[in-house]
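# A structural walkthrough
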Amino acid sequence: MNDADHVRPADLPPLLELAQRVAAVRPDLLNSGASYGELSWNWGRGFTRLHAGWRLRTWHADGELAAWGWAQLPHRLERSDGSVKDVTAAYLDYQVHPGRPGLLEDVIGWYEATAAGCDRTLMPSACDTAALERWAAYGYGTDPAALGDTGSWTQLNARDLADIEEPVLPAGYRFLTAAQAGPAAAVRAHTDAWAPTAFTAESYAGLLATPAYRADLHILAAAPDGAMAASAIMWFDAANRTVEFEPVGTHPGHRRRGLARAVLLHGMRLARDAGATQATVACLGAPGHRAARELYYGAGFRFFSRDAPLLKRA
């Protein structure tokens, strides 16, 4: 087992390899934050600044990684507009291989001890009914923030890449990759789309250090004046021939022009050329969050699975 008090860059590749093995047999049992793309994005963007508050534990069986838990303890985020956000609850990303379900008890026990005294949250797959029963037995219930028309639960959407519509950009706009545009443009594209955000040049450096990041699959749409108007990062799992979009964003001044849809279609064509046969993307699933869901449905995606946000008060 890994030392739970120290998280190292070398810890990420085995977690990604387990994500690939789970995706090969039961992709519906991948928990939120534990897929190949989500894990790479969350780890890469936060490692350089937040890893002091991370705790990681792994479990092996027959010489292979079979389960892991990554706890993010309460912390403070400094954002691009100068504001700060205090994250007061602990959060758990975790994954257990479907062939080793008994290890979930170890994950739960470790999280209970690691985050003792904090509100504890997590978002397992809603398809994993056996796991949901075990979390409930330890006092975890539906997070109230996930309820209602503007709830915080997310759904995963998927589509095949056999027939992809030709992308159309508004006049004067053009596609670039992060490899072509450079780091400064890649960072600016994200911070403009998601402001206020904790993403920085240091965050992007963390992405570059992850084994899954490819600058040729990081797509940007440049406006006629050269500004970065939209962007999307794709994470290509070559073992399963799938690509995951995370994140997708558009500058507020360039919205409602079809840029995000064009970036998705262009990205899927690049991913298909790289060998992918399927694409996935997550979005908020509650009824009140229609915009992103309709964007993805309009680009050919359909609902695949969803998470089940859980909370246990301190």
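To start, this report covers the structure provided alongside it. Everything quoted here is computed from the prediction, not taken from an experiment.

Attention now moves to the layout of surface pockets. The calculated volume of the second largest pocket comes to roughly 280 Å³. Elements that contribute at least two residues to the lining of the second largest pocket include exactly α1 (12–25), β8 (154–160), β11 (228–237), β12 (242–250) and β13 (278–284). When residues in the lining of the second largest pocket are grouped by element, the largest group, 3 residues, is from β12. Classifying every residue of the lining of the second largest pocket by side-chain character gives 10 nonpolar, 5 polar and 2 charged.

Quick look at the side chain of S305 now. Tracing the sequence through the fold places S305 in strand β14 (residues 302–306). Ignoring any residue separated from it by four or fewer positions in sequence, one finds S305 in contact with C127, Q155 and L156.

Right, let's get into α1. In this model α1 runs 21 Å from its N-terminal to its C-terminal C-alpha over 14 residues, within 8% of the 20 Å that 1.5 Å per residue would give. Those residues of α1 that fall on the buried side of the exposure criterion are L12, L15, L16, L18, A19, Q20, R21 and V22.

With that settled, the discussion passes to the nonpolar core. Judged by nonpolar contacts, the single largest core of 30 residues is most densely connected at L161, V243, F245, M268 and F301. Counting only elements with at least two residues in this core, the list comes to β10 (218–222), β11, β12, α8 (259–274) and β13. Broken down by element, this core gets its largest block of residues, 7 residues, from α8. Not counting the four nearest positions on each side in its chain, M268 is found in contact with R159, L161, I164, M234, F245, A279, A299 and F301. By size, the runner-up hydrophobic cluster in this structure holds 29 residues, among which are L12, L30, W54 and F199.

With that out of the way, let us pick up the pattern of salt bridges. One pass over the full model with this rule turns up 15 salt bridges. R134 is the partner of E105 in a salt bridge, and the nearest nitrogen-oxygen pair spans 2.5 Å. Of this pair, E105 sits in helix α3 (residues 104–114) while R134 sits in helix α4 (residues 129–137), and the two are 29 residues apart along the sequence. You can call R134 partly exposed: its relative accessible area is 34%. Across the salt bridge formed by R120 and E112, the nearest N and O atoms sit 2.9 Å from each other.

Take the sheet that holds β14 next. Through backbone hydrogen bonds, the strands of a sheet pair up, either in parallel or in antiparallel fashion. With mixed pairing, 7 strands are arranged side by side in an open sheet as β9-β10-β11-β12-β13-β8-β14. The open sheet has two free edges, formed respectively by β9 (174–177) and β14, since each of these has just one partner strand. Going across the sheet, the axis of each strand differs from the next one's by a mean of 30 degrees, ignoring polarity. Where β11 meets β12, 7 bridges bridge the pair, whose relative direction is antiparallel. Within the sheet, the bridge partner assigned to A230 lies in β12 and is T250. Relative to the sheet, α8 contacts β8, β9, β10, β11, β12 and β13, its axis offset from that of β11 by approximately 30 degrees.

A separate point is the packing of aromatic side chains. Taken as a whole and assessed by the stated rule, the structure comprises 14 aromatic pairs. Plain terms: the ring middles of W43 and F47 are 6.0 Å apart, the flat faces sit at 15 degrees to each other, and that makes the pair stacked. Of this pair, W43 and F47 both sit in helix α2 (residues 36–50), 4 residues apart, roughly one helical turn. Taken as a pair, W43 and F47 share a single burial class, namely buried. Seen in terms of ring centroids, W43 and W54 are 5.4 Å apart; in terms of plane orientation they differ by 50 degrees. Their pairing is tilted. Of this pair, W43 sits in helix α2 while W54 sits in strand β1 (residues 54–61), placing them 11 residues apart in sequence. Taken individually, W43 and W54 each receive the classification buried, so the pair is uniform in this respect. Stacked on the ring of Y297, the Lys or Arg R302 has its end atom at 5.5 Å from the ring centre.

Here we come to the pairing of β11. The element β11 is extensively covered by neighbouring structure, given that 10 of its 10 residues are classed as buried. Sheet analysis places β10 next to β11, joined by 5 bridges and oriented antiparallel. For I219, the partnering residue across the bridge sits in β11 and is A232. Here β11 hands over to β12 after 4 residues, with R241 in that stretch at a positive phi of 55 degrees.

This paragraph deals with empty space enclosed by the protein. Applying the stated rule across the entire model yields 1 cavity of 30 Å³ or more. Empty space within the largest cavity amounts to approximately 50 Å³. If you go around the largest cavity, the residues you meet are W41, A186, H190, F199, H218, S231, A232, I233 and P247. Those elements that provide at least two residues to the lining of the largest cavity are α6 (183–194) and β11. The dominant element in the lining of the largest cavity, judged by the number of residues it contributes, is β11, at 3 residues.

What counts, and where the lines are drawn
Residues numbered from 1 in each chain as written. Predicted model: local features only at pLDDT ≥ 70, side-chain atom pairs only at ≥ 80, totals over all residues. Heavy atoms only, no water. 1 Å grid on protein atoms, 1.4 Å probe; cavity = no way out; pocket = protein on both sides within 12 Å on 5 of 7 lines; lining within 4 Å. Points joined across faces, edges and corners; volume = space filled by probe spheres on them. Helix = DSSP H or I, 4+ residues; strand = E, 2+ residues; numbered from the N terminus. Nonpolar A, V, L, I, M, F, W, Y, C, P; charged D, E, K, R; others polar. Contact = heavy atoms within 4.5 Å. Expected span 1.5 Å × (residues − 1). Buried < 20%, exposed > 50% of the residue type's maximum accessible area, 1.4 Å probe, protein only. Core = buried A, V, L, I, M, F, W, Y, C linked by side-chain atoms within 4.5 Å. Salt bridge = Lys/Arg side-chain N within 4 Å of Asp/Glu carboxyl O. Pairing = 2+ DSSP bridges. Axes fitted to C-alpha atoms, helices over the stretch in contact; angles between N-to-C directions. Phe/Tyr/Trp six-rings, centres within 6.5 Å; stacked < 30°, edge-to-face > 60°. Lys NZ or Arg CZ within 6 Å of the ring centre and 35° of its normal.

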